[in-house]
Amino acid sequence: ILRRAYEAGIHKDRIILDPGIGFAKDFEQNLEMLRHPEVMKDLDMPMLLHVFYKSNSVYGAETRANHVRNLADRYPELKIIMAHLGGDVFHAMRVIKDCPNVYVDNSGSRGGGPDMRFAYDMVGADRLLFGSDSPIDAAPALGQILDLDISEEEKEKMLWKNAHKLFKEDLR
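Conventions adopted
Residues numbered from 1 in each chain as written. Predicted model: local features only at pLDDT ≥ 70, side-chain atom pairs only at ≥ 80, totals over all residues. Heavy atoms only, no water. Salt bridge = Lys/Arg side-chain N within 4 Å of Asp/Glu carboxyl O. Helix = DSSP H or I, 4+ residues; strand = E, 2+ residues; numbered from the N terminus. Buried < 20%, exposed > 50% of the residue type's maximum accessible area, 1.4 Å probe, protein only. Axes fitted to C-alpha atoms, helices over the stretch in contact; angles between N-to-C directions. Parallel < 35°, antiparallel > 145°, perpendicular 65-115°, else oblique. Left-handed = near helix turned anticlockwise from the far one by under 90°. Contact = heavy atoms within 4.5 Å. Nonpolar A, V, L, I, M, F, W, Y, C, P; charged D, E, K, R; others polar. Phe/Tyr/Trp six-rings, centres within 6.5 Å; stacked < 30°, edge-to-face > 60°.

Honestly, the pattern of salt bridges in this entry has me stumped. Any pointers?
Two side chains with opposite charge may pair up if their charged atoms get near one another. Under the defined criterion, the tally for this structure stands at seven salt bridges. Note that D44 and K79 form a salt bridge whose closest N and O atoms lie 2.7 Å from each other. Taken together, the residues span a long stretch of sequence, with D44 in the loop between α3 (38-42) and β1 (47-49) and K79 in the loop between α4 (65-74) and β2 (80-82) at a distance of 35 residues. The class for D44 is partly exposed, based on a relative accessible area of 25%. Taking the relative accessible area as the measure of exposure, K79 reaches 15% and is therefore buried. The partner of K161 in a salt bridge is E156, and the shortest N-O contact between them spans 3.3 Å. Here K161 falls in the partly exposed class, since its relative accessible area comes to 33%. Owing to a relative accessible area of 33%, E156 belongs among the partly exposed residues under this scheme.

Written out as structure tokens, the structure reads:
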């Protein structure tokens, strides 16, 4: 599907694949979605993965940070966005901290300042992305970044510059 869209003239900067892994899928469907990540790598497109690991319960088909880590290790040139600060930021950041091809967004994450601070301390500003899931989540997600005691330059990276770089958007 991605190749057909690209070959039909839809510029790759206008396509993002959210394969829905870990979201309304069973384990076998999750595996099928991951069978050909080289297509995204070849098109230089990031893959968005919903990660829902919870410290108190785990559903059988949930995508967890270790799945992201395995994919990142197998395809080091594939850019991966791990959504929701990994579900449990204190677990997820430890798992992916050494994966330079994994970016992390704070969409739907209502953990507040300590969560975002931990993510920042683990992976730095260059791999964190502002994300909101929907308009109702925008203010808390924005506040998580704006409230960090870091430079304005680092906040700008997290708020928009990293996304522009990741998606290779023209900044003119």
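That was the structure; now back to the text.
What is the right way to read the packing of α4 against helix α5 (residues 89-96) from this model?
Across the interface, α4 lies against α5 with an axial gap of 9 Å and an inter-helix angle of 15°. Comparing the axis directions of α4 and α5 gives the class roughly parallel. In this structure, α4 meets α5 at a crossing whose hand is right-handed. The residues of α5 that touch α4, namely those facing A65, N66, V68 and R69, are A92, V95 and I96. Partitioned by chemical class, the residues of the contact of α4 with α5 number five nonpolar, one polar and one charged.

Which parts of the structure should I look at to understand the packing of aromatic side chains?
For any pair of aromatic rings, geometry is given as the distance between the ring centres together with the angle between the planes. According to the stated counting rule, one finds one aromatic pair in the structure shown. Look at F90 and F118: their rings are 4.9 Å apart centre to centre, the planes differ by 55°, and that puts the pair in the tilted class. Of the two residues, F90 sits in helix α5 while F118 sits in helix α6 (residues 113-123), which places them 28 residues apart along the sequence. Overall, F90 belongs to the partly exposed group, its relative accessible area being 35%.

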